[in-house]
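The primary structure of each chain is shown beneath.
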Amino acid sequence: MEYNFYGWEQATVPAITKEYKNIETPRQLYDALSYVWCEYTAAPRLRAGWSPENKTLGQCSITAFLVQDIFGGKVYGIPREGGTFHCYNVVDGKVFDLTSEQFGDEKLSYEDNPEQSREVHFAKEEKFLRYKYLKEQLKKYLEEHIPTES
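Calculation criteria
Residues numbered from 1 in each chain as written. Predicted model: local features only at pLDDT ≥ 70, side-chain atom pairs only at ≥ 80, totals over all residues. Heavy atoms only, no water. Pairing = 2+ DSSP bridges. Helix = DSSP H or I, 4+ residues; strand = E, 2+ residues; numbered from the N terminus. Axes fitted to C-alpha atoms, helices over the stretch in contact; angles between N-to-C directions. Contact = heavy atoms within 4.5 Å. Expected span 1.5 Å × (residues − 1). Buried < 20%, exposed > 50% of the residue type's maximum accessible area, 1.4 Å probe, protein only. Arc of directions from axis to C-beta.

Caption draft 1: Representation of the sheet that holds strand β1 (residues 74-79) in the model. Strand order across the open sheet formed by 3 strands is β1-β2-β3, with antiparallel pairing between neighbours. Edge positions in the open sheet fall to β1 and β3 (94-96), since each of these has one partner strand only. Shown here is a sheet whose adjacent strand axes are inclined to one another by a mean of 35°, direction ignored. In the sheet, β1 pairs with strand β2 (residues 85-91) via 6 bridges, with the strands oriented antiparallel. Opposite lysine 74, over in β2, you have valine 90 as the bridge partner. Helix α2 (residues 60-71) contacts β1, β2 and β3 of the sheet and is inclined by roughly 15° relative to β2.

If you want it as structure tokens, here you go:
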């Protein structure tokens, strides 16, 4: 599979849990999530723009915290208009952003951004419910499929 997300070359860190069947690298997670992300996992304010062609739209925080569950590390946020943050991961010094494709050609800065807390993000019940749904759907998908890395 060809990857276009930011830091895909570095997205090789090992999983710290076996909870997600056959997910051993962030690239394998991306492969599986490509079949799981949907309009219901997208942020409500962005759902109208979600499509299979723009599958990562509105998926950043729930995906970044899921990456943290599986690979450890920290979640950081790039400040965006309106006081929101675009979340990405740093694991063992490797920076990657499974949902960066939603921004097309826009260049994001992955340096000197504030760490993000799941307590703050998940204080919004709808976001916590989307995160739980994403996890459930991923596990369901993995029971039926074995993702492979190209």
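Moving on, there is more to tell.
Caption draft 2: Representation of helix α4 (residues 125-144) within the structure. Here α4 spans 29 Å end to end across 20 residues, near enough to the 28 Å set by a 1.5 Å rise per residue. Within α4 the residues assigned to the buried category are Lys127, Arg130, Tyr131, Leu134, Leu138, Tyr141 and Leu142. Seen end-on, α4 carries its buried residues on one side only, within an arc spanning 100°. Looking at α4, the residues exposed on the side facing more than 90 degrees away from the buried face are Glu125, Glu143 and Glu144. Those residues of α4 that are buried lie in contact with α1 (26-36), α2 and α3 (118-121).

Caption draft 3: Region of interest: the pairing of β2. With respect to burial, β2 is a largely interior element, 5 of its 7 residues being buried. Here β1 folds back onto β2 in antiparallel fashion, the turn holding 5 residues, of which glycine 82 has a positive phi close to 85°. Looking at chain direction, β2 and β3 are connected through 3 bridges and run antiparallel. What sits directly across from valine 91, in β3, is lysine 94.

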